[in-house]
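Residue strings, one per chain:
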Amino acid sequence: MNNAICKQGRDQMYYLYVLICSDNTLYTGITNDIEKRIKTHQEGKGSKYVRSRSPFKLIYSEMHIDKSSACKRESEVKGWTRKEKILNLKLRLKDAKGF
């Protein structure tokens, strides 16, 4: 995570989101426009990680009052193991099969 990016954009709602990728890995990110970010990923213009593991499905999102709180939460979630993410975020991976 780039801390310089996280210091910008303090007066806008942000979202933490989790994608499940075609190889069954989880990708965690933040954005201020979740529909636009998903579209960017779908077009292959998002992160290299997701681009190389498409297709993917959005399986979780949560709203934050500003970029700072979203960045802090992203850092926390990215520090978790896959199992911790599934348990702590109550991810339902069975529902994501066959996307």
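Residues numbered from 1 in each chain as written. Predicted model: local features only at pLDDT ≥ 70, side-chain atom pairs only at ≥ 80, totals over all residues. Heavy atoms only, no water.

## Considering the packing of aromatic side chains
Then step 1. Taken as a whole, this structure holds 2 aromatic pairs when the rule is applied.
Then step 2. Note on Y17 and Y27: the rings are 6.2 Å apart at their centroids and 50° apart in plane angle, and the pair reads as tilted. Here the residue Y17 occupies a position in strand β1 (residues 14–21), and Y27 occupies one in strand β2 (residues 26–31), the gap between them amounting to 10 residues.
Then step 3. On the basis of relative accessibility, which here comes to 1%, the residue Y17 falls in the buried class.
Then step 4. Where Y27 meets Y49, the ring centres are 6.0 Å apart and the plane angle is 20°; that geometry is what we call stacked. You can see Y27 sitting in strand β2 and its partner Y49 sitting in helix α3 (residues 48–51), a full 22 residues away along the chain.
Then step 5. The class for Y27 is buried, based on a relative accessible area of 15%. (Phe/Tyr/Trp six-rings, centres within 6.5 Å; stacked < 30°, edge-to-face > 60°. Helix = DSSP H or I, 4+ residues; strand = E, 2+ residues; numbered from the N terminus. Buried < 20%, exposed > 50% of the residue type's maximum accessible area, 1.4 Å probe, protein only.)

## Here's the deal with the nonpolar core
Then step 1. Formed by 15 residues in total, the largest nonpolar core has its most connected members in V18, L26, Y60, L89 and L91.
Then step 2. Residue assignment for this core shows that the elements contributing at least two residues are β1, β2 and α4 (67–78).
Then step 3. Among the elements that take part in this core, β1 stands out by supplying 4 residues, more than any other.
Then step 4. Membership of the second largest hydrophobic core comes to 8 residues, among which are L19, C21, I38 and F56. (Core = buried A, V, L, I, M, F, W, Y, C linked by side-chain atoms within 4.5 Å.)

## Some thoughts on the sheet that holds strand β3 (residues 56–64)
Then step 1. Taken together, 3 strands build an open sheet; the order of strands is β2-β1-β3 and the sheet is antiparallel. The open sheet is flanked by β2 and β3, the only strands paired with a single partner. Averaged over neighbouring strand pairs, the angle between their axes works out to 20° when direction is ignored.
Then step 2. Note that β1 and β3 share 8 bridges and pair antiparallel. The residue bridging V18 from the neighbouring strand is Y60, located in β3.
Then step 3. Each of β1, β2 and β3 is contacted by α4, which is oriented at about 170° to β2, the strand it contacts most. (Pairing = 2+ DSSP bridges. Axes fitted to C-alpha atoms, helices over the stretch in contact; angles between N-to-C directions. Contact = heavy atoms within 4.5 Å.)

## Observations regarding α4
Then step 1. An ideal rise of 1.5 Å per residue puts 16 Å on 12 residues; α4 measures up with 16 Å between its terminal C-alpha atoms.
Then step 2. Taken together, the buried positions of α4 are K67, A70, C71, R73, E74 and V77. Angular distribution of buried residues about the axis of α4 spans 165°; they occupy a single face of the element. (Expected span 1.5 Å × (residues − 1). Arc of directions from axis to C-beta.)

## Considerations on the pattern of salt bridges
Then step 1. One pass over the full model with this rule turns up 6 salt bridges.
Then step 2. A salt bridge links K39 to E43, with the shortest nitrogen-to-oxygen separation between them at 3.9 Å.
Then step 3. R73 is the salt-bridge partner of E62, the closest N and O atoms lying 2.7 Å from each other. Here E62 is found in strand β3, whereas its partner R73 is found in helix α4, with 11 residues between them in sequence. (Salt bridge = Lys/Arg side-chain N within 4 Å of Asp/Glu carboxyl O.)

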